[in-house]
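An overview of the molecular structure
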Amino acid sequence: MNFDFSDEQKQMRDEARKFLAEKCPPKAVREVLDGKAPYDKALWQGLAGMGFLGVAIPEAFGGAGAGHLELCVIAEEMGRANAPVPFSSTVYLAAEALLLAGSDAQKQKWLPKIASGEAIGTLALFEGKGNPSPRAIKLQASGGTLNGVKKPVPDGAIADFAVVAARTGSTGRDSDISLFLVDLKAGGVEAKSLTNVDPTRGQAELTFKNAKAEPLGAAGDGWSILTQVLDRAAVLLAFEQVGGSDRALEMGRDYALDRIAFGRPIGSFQAVKHILADMYVSATLARSNCYYGAWALSTNASELPEAAAAARISATQAFQHCSKNNIQVHGGMGFTWEFDCHMYYRRANTTALTLGSLSYWEDQLIDRMRKKNAA
Amino acid sequence: MNFDDTPQEAAFRAEAKAWISANAPKQYEEELRKSSLGRTVLKGANILEVAKAWQKKKADAGWACLHWPKEYGGRGSSPIERVIWQQEEGPFGKLSGMFIIGHGMCGPTMMAFAGEEQKRKYLPPLASGEKVWCQLFSEPAGGSDVAGLRTRAEKKGDDWIINGQKIWTSGAHYSDYGILLTRTDPNVAKHKGLTMFFLDMKSPGVEVQPIKQASGQSDFNEVYFTDVKIPDSQRLGAVNDGWNVSLTTLMNERMSIGAGVSTGFPELFDFCNSLMLEDGPAIEDRSVRSRLANYAVKASGLRYTSMRAISALSKGERPGPENSIGKLVAGSMVQEVAMYALDLQGAAGVLSGPEDAEVAGKFQAMLLRAPGTRVEGGTDEIMRNIIAERVLGLPGDIRVDKDVPFNKIPTKGRA
Ligand SMILES: Cc1cc2nc3c(=O)[nH]c(=O)nc-3n(C[C@H](O)[C@H](O)[C@H](O)COP(=O)(O)OP(=O)(O)OC[C@H]3O[C@@H](n4cnc5c(N)ncnc54)[C@H](O)[C@@H]3O)c2cc1C
């Protein structure tokens, strides 16, 4: 047993951290936050150049072929830097769906473009309120075309292609759902940007009008593939959340050491120390749950569904807890636009919802634990 | 990252499993499985005797205190082997409760500070459970503020004469030896005038009085010292260096308490699976599931945090202050879990008799024991201070008594 990343993986983490510290300072995040650009193109190309976009994509499809542990390490750094790029939608959702269910031709078409930074991908799953559920999918597929509306679609307005969940049957079972690949630039799809809580992570409405689509995976397998994609993305996104939690904790700690009140650094007041200690506790529990998720993901273990849900819940809680208390420790300064605290607060609370809400994952976790127990 | 046993680990596991299956006191397995924090009862047997017999059997076969060196009664095992053993020992491990302080704190302190001959004499019977040890630190005037203790040790020839009182000493009523922190110089600042000893609890002048705890049980005691004689050869560390010696003990304490403390989650999960509410099994209720999920991720987070610590240990790193989180999180969680399990029982949650209470009153017992868990071995607040100061590097609390001679420090608030 060895429950830690390897020295090579840690080296990769250092490399990513250094790269992001230089290419993605808060100033760069603010360009996107302030609406000056939909995402940071230069950073995206830089990430491609570093080989980070294709870290878990096999060499045969233009990637680095390293693996998912390496991707976890990068994900943590993306979260720490609050990077304003479509990394999670392209790499965790679209690429993972292709890896899991794509034909050779489909992989050959899109994966090299993902790795090189030429194509942005996303997953079009939701249709308004609610959590992942086959019943909520109304978008209709027939004769190789799609009709319907998806929202919110993460990074939908800048994406080149989307994996789309559509209804292909009416039996009332999970097998009514199938997945499709849609080239968003080929016509038939209208994209509209939606105003959202975290502008560094764009959200869109996609309207499909007789849009051409090719099946991804076998007909009727959509829901089962989606579940796996969501589990994988849950682990990866949880690493982003842990990176963000750590950064928020660090910001709070640094401020507590610098800011003087009543003649002392505020970090010498026990009430403040205890807030920070509790932030450390939640970030540490989340990190440990994530490590288990990383192991399950990288070995495709049967524990993955349970591990993914646990990592997701724990990391969501930690990021929300750390980002909100970081503002508290910063006092009035923390509530200014000028300070970076709110960027993490926004990101924490939007990431909490992107793959289904906390209560959805809580429900999933208990279901999965029960199944395991019964087995 | 890897959870699988290496070939050596697998061989060790197989050996441990086979030995346990052939030797463990199986007649108590069911009762031990059902026992929880605050309630370990073996019908018709004296648990102390059962525990001692099991420990002795393990020691004779080389399975006691696995990570200790062989010459001191251990096996020289790696931290990971120790974990494998614990996994295989399962419910029988609950019998080790009465040895925790000796094995987790007194032993390591002896190992670090006693002479070679003493170590060979005292450690093997401690490992084998033949001799039980206790930790005599806390006093009415010094719990969190350990260095505030007043028990005096005065040098007379080759001996030290001890006078004073300890309190909350777990297991003192059945202990053979203890490690004892005393004041040897009241004229210097409080941390600078302490000295550590070990002593025979049967020494003349030692009087042990069990205290009835809030839970109704009696696991800890008051211990009075009247002109108790301890030879200088039983001093641990230098005169007036007792504070440093005690830090070794406390660091080991956090490691062993943090790793072993129960969260109550497995018990709650099973309970929610079996409990029938008006509308069906509790576990199918949305709000129950949400609560359960929250506890589940704390419990798994702790489990994997300790695995990370063990991985670090096995690479040669030392147990650090970050291990304080185990006790901090598990302590309050077990209390919340117990309250929630009672809440699910509605009005009947008040009943604690094994016949009337759900799962034989397990959660009621847990509820009553839990407050002590948040206090023993350092309170939640002290744990948070440790994390804030030693892990996050925040300034220490302002200590108004830091440079004041001990005998000039005020002894009462609200003067
Ligand atoms: C079940 C049990 C078993 C025990 N076993 C042993 C044993 O075997 N040997 C032994 O030596 N001792 C033992 N103890 C004693 C235990 O270590 C002390 O009770 C504990 O350290 C707290 O000290 P105290 O009781 O003096 O509380 P106090 O220190 O008086 O604390 C009272 C309150 O003040 C808070 N407080 C105190 N100082 C600070 C501070 N600096 N910052 C913030 N808050 C603070 C505490 O958190 C607490 O809430 C045991 C205790 C229990 C409950």
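Presented here is an overview of the structure given in this document. The residue count restarts for each chain, going from 1 along the sequence in the order it is written. Whichever chain is written first is A, and whichever ligand is written first is 1; the rest continue in order. For this predicted model, a pLDDT threshold of at least 70 governs which residues receive local features, and a threshold of 80 or more governs which side-chain atom pairs are given and counted, while totals over whole chains, interfaces and linings are taken from all residues. Neither water nor hydrogens contribute to the side-chain values; these are computed over all heavy atoms in the structure.

Within chain B, the regular secondary structure consists of 12 helices and 10 strands. C-alpha atoms of chain B, sized along the principal axes, occupy 75 × 55 × 45 Å. The buried label applies to any residue whose accessible area, calculated with a 1.4 Å probe on protein chains only, is under 20% of its type's maximum; exposed applies above 50%, and partly exposed to all values in between. Looking at chain B as a whole, 51% of its 415 residues are labelled buried. Whether two residues are in contact is decided by their heavy atoms: any pair within 4.5 Å suffices. A sequence separation of at least 24 residues applies to 73% of the contacts in chain B between residues at least 6 apart. Computed with a 1.4 Å probe, the accessible areas rest on the Shrake-Rupley method; for each residue, only the protein chains presented here act as cover. Just so you have it, chain B exposes about 18,900 Å², and 51% of that area is on carbon and sulfur atoms. Positive and negative side-chain charges of chain B, numbering 51 and 51 respectively, have mean locations separated by a distance of 3 Å. Strands are runs of DSSP state E lasting at least 2 residues, helices are runs of H or I lasting at least 4, and numbering of each runs from the N terminus. Positive: Lys, Arg. Negative: Asp, Glu. His and the chain ends are not part of the count. Note on charges: their place is set at NZ of Lys, CZ of Arg, CG of Asp or CD of Glu.

Right, let's talk about the nonpolar core for a bit. In this structure, Leu47, Phe87 and Leu146 of chain A are the most contacted members of the largest nonpolar core, which totals 166 residues. Per-element accounting of this core gives the leading share, 13 residues, to helix α7 (residues 222-258) of chain A. With residues near it in sequence (within four places) discarded, Leu47 of chain A still touches Phe19, Leu20, Phe52, Leu53, Met78 and Val85 of chain A. Listed in part, the 27 residues of the second largest apolar core include Met105, Leu126, Phe137 and Tyr177 of chain B. Residues belong to one nonpolar core when they are buried, are Ala, Val, Leu, Ile, Met, Phe, Trp, Tyr or Cys, and are joined through side-chain atoms within 4.5 Å.

Right, let's get into the site of the ligand. Any residue with at least one heavy atom within 4 Å of a molecule or strand is counted as near it. Every one of the 20 residues lining the ligand counts as a neighbour, but Ser144, Trp168, Ser170, Thr379 and Glu381 of chain B are closest to it. The site occupied by the ligand is bordered by residues of chains A and B. In this structure, a nitrogen atom belonging to the ligand sits 2.8 Å away from a side-chain N or O atom of Gln270 of chain A. Identification of polar contacts relies on pairs of N or O atoms within 3.5 Å, with a donor-acceptor requirement for protein atoms, meaning one able to donate a hydrogen and the other able to accept it, and with residues adjacent in sequence counted only if both atoms are side-chain atoms. One of the side-chain N or O atoms of Glu381 of chain B is found 2.7 Å from an oxygen atom in the ligand. In isolation the ligand exposes 960 Å². Once the protein is present, 70% of that is buried. Secondary structure elements with two or more residues in the shell around the ligand: β3 (159-170), α11 (362-373) and α12 (380-391) of chain B. Three residue categories are used. Nonpolar comprises Ala, Val, Leu, Ile, Met, Phe, Trp, Tyr, Cys and Pro, charged comprises Asp, Glu, Lys and Arg, and polar comprises the others, including Gly. Of the residues assigned to the shell around the ligand, the class counts are 6 nonpolar, 11 polar and 3 charged.

Turning our attention to the packing of helix α4 (residues 79-89) of chain B against helix α9 (residues 286-314) of chain B. Residue and element names in this part refer to chain B. Where α4 meets α9, the closest approach of the two axes is 8 Å, and the angle between their N-to-C directions is 140 degrees. Overall, the two elements α4 and α9 adopt an arrangement that is oblique. Contacts between α4 and α9 involve Pro79, Ile80 and Val83 on the former and, on the latter, Ile310, Leu313 and Ser314. Counted by class, the contact of α4 with α9 contains 5 nonpolar, 1 polar and no charged residues. Convention adopted: a line fitted to C-alpha atoms gives each axis, helices being fitted over their contacting stretch, and angles between N-to-C directions are expressed from 0 to 180 degrees. Orientation is classified from the angle alone, with under 35 degrees giving roughly parallel, over 145 giving roughly antiparallel, 65 to 115 giving roughly perpendicular, and any other angle giving oblique.

Aromatic rings from Phe, Tyr and Trp, taking only the six-membered ring of Trp, are treated as a pair when their centres fall within 6.5 Å; an angle between ring planes under 30 degrees marks them as stacked, one over 60 as edge-to-face, and anything in between as tilted. Taken as a whole, this structure holds 32 aromatic pairs over all chains when the rule is applied. Both rings, one in Phe271 of chain B and one in Phe363 of chain B, keep their centres 5.2 Å apart while their planes meet at 45 degrees; by these two values the pair is tilted. Taken together, the residues span a long stretch of sequence, with Phe271 of chain B in helix α8 (residues 265-274) and Phe363 of chain B in helix α11 at a distance of 92 residues. Pairwise contacts between aromatic rings join Phe3, Phe5, Phe239, Tyr291, Tyr292 and Trp295 of chain A together with Phe3 and Tyr304 of chain B into one cluster. Residue placement shows Arg291 of chain B over the ring face of Tyr340 of chain B; its charged tip is 4.0 Å from the ring centre. Over the ring of Tyr291 of chain A we find Arg308 of chain B, and its NZ or CZ is 4.8 Å from the ring centre. The rule for a charge over a ring is simple: NZ of Lys or CZ of Arg within 6 Å of the ring centre, and within 35 degrees of the ring normal.

The next point concerns the pairing of strand β5 (residues 194-200) of chain B. All names here are of chain B. The element β5 is extensively covered by neighbouring structure, given that 6 of its 7 residues are classed as buried. A pair of strands is treated as paired once DSSP finds two or more bridges between them. Of the strand pairs in this sheet, strand β4 (residues 177-183) and β5 are connected by 7 bridges, and their pairing is antiparallel. Following the sheet pairing, Tyr177 is matched in β5 by Asp200. The sheet contact formed by β5 and strand β8 (residues 235-236) spans 2 bridges and is antiparallel. Across the sheet, the residue bridging to Met196 is Leu236, located in β8.

Both faces of the sheet carry side chains from a regular strand, because those side chains alternate between them. All names here are of chain A. Taking every second residue as pointing to the same face, both faces of strand β1 (residues 121-124) are buried, with Gly121 and Leu123 on one and Thr122 and Ala124 on the other. Pairing of β1 with strand β4 (residues 161-167) involves 4 bridges; the strand directions are parallel. The partner of Ala124 across the bridge, within β4, is Val164.

Within the element layout of this structure, Glu76 of chain A appears in helix α4 (residues 68-81). Excluding its chain neighbours within four sequence positions, the residues that come into contact with Glu76 of chain A are Arg13, Arg17, Phe239, Glu240, Gly243, Asp246 and Arg287 of chain A.

Moving on, we get to the environment of Cys106 of chain B. Residue and element names in this part refer to chain B. Note on placement: Cys106 falls in helix α5 (residues 100-113). A relative accessible area of 0% means that Cys106 is categorised as buried. For the pair Cys106 and Ile179, spaced 73 residues apart in sequence, the C-alpha separation works out to 6.4 Å. Those residues in contact with Cys106, other than ones at most four positions away along the chain, are Ile101, Trp133, Cys134, Gln135 and Ile179.

Moving on: the interface of chain A and chain B. Counting residues at the interface gives 44 residues for chain A and 50 residues for chain B. Summed over both partners, the interface of chain A with chain B buries about 4,400 Å², with 63% contributed by carbon and sulfur atoms. Whenever a carboxyl oxygen of Asp or Glu lies within 4 Å of a side-chain nitrogen of Lys or Arg, that contact is scored as a salt bridge. As a salt-bridge pair, Arg289 of chain B and Asp367 of chain A come within 2.9 Å of each other at their nearest N and O atoms. Run the count over chain A and chain B and you get 26 residue pairs in polar contact (both at pLDDT 80 or more). When residues of the side of chain A that touches chain B are assigned to their parent elements, the largest contribution, 17 residues, is made by helix α8 (residues 270-299) of chain A. Residue classes in the side of chain A that touches chain B are distributed as 22 nonpolar, 12 polar and 10 charged. By buried area we mean the combined loss of accessible area, with a 1.4 Å probe, across both parts when two parts are placed together.

This part takes up empty space enclosed by the protein. Residues and elements named next belong to chain A. The definitions used throughout rest on a 1 Å grid laid over the protein atoms alone, on which a cavity is an enclosed set of points accommodating a 1.4 Å probe that cannot get out and a pocket is an open set flanked by protein within 12 Å on both sides along at least five of seven lines; lining residues are those having an atom within 4 Å of a point. Grid points are joined across faces, edges and corners, and a volume is the space filled by probe spheres set on the points. Enumeration over the complete set of coordinates arrives at 3 cavities of 30 Å³ or more. Each pocket or cavity is described by its volume, and for the largest cavity that value is around 100 Å³. Looking at the largest cavity, the residues that line it are Ser88, Ser89, Tyr92, Leu93, Pro154, Arg201, Ala233, Leu237, Thr351, Thr354 and Leu355. At the level of elements, α5 (87-101), α7 and α10 (341-354) are the ones that each hand at least two residues to the lining of the largest cavity. The element that contributes the greatest number of residues to the lining of the largest cavity is α5, accounting for 4 residues. A class-by-class count of the residues in the lining of the largest cavity yields 6 nonpolar, 4 polar and 1 charged.

A separate point is α11 of chain B. All names here are of chain B. By this rule the span expected of a helix is its residue count minus one, scaled by 1.5 Å. Between the first and last C-alpha of α11 there are 16 Å, a value that for 12 residues agrees with the 16 Å anticipated at 1.5 Å per step. Buried within α11 are the following residues: Lys362, Phe363, Gln364, Ala365, Met366, Arg369, Ala370 and Thr373. As for α11, its buried residues are in contact with α2 (29-34), α8 and α10 (324-344).

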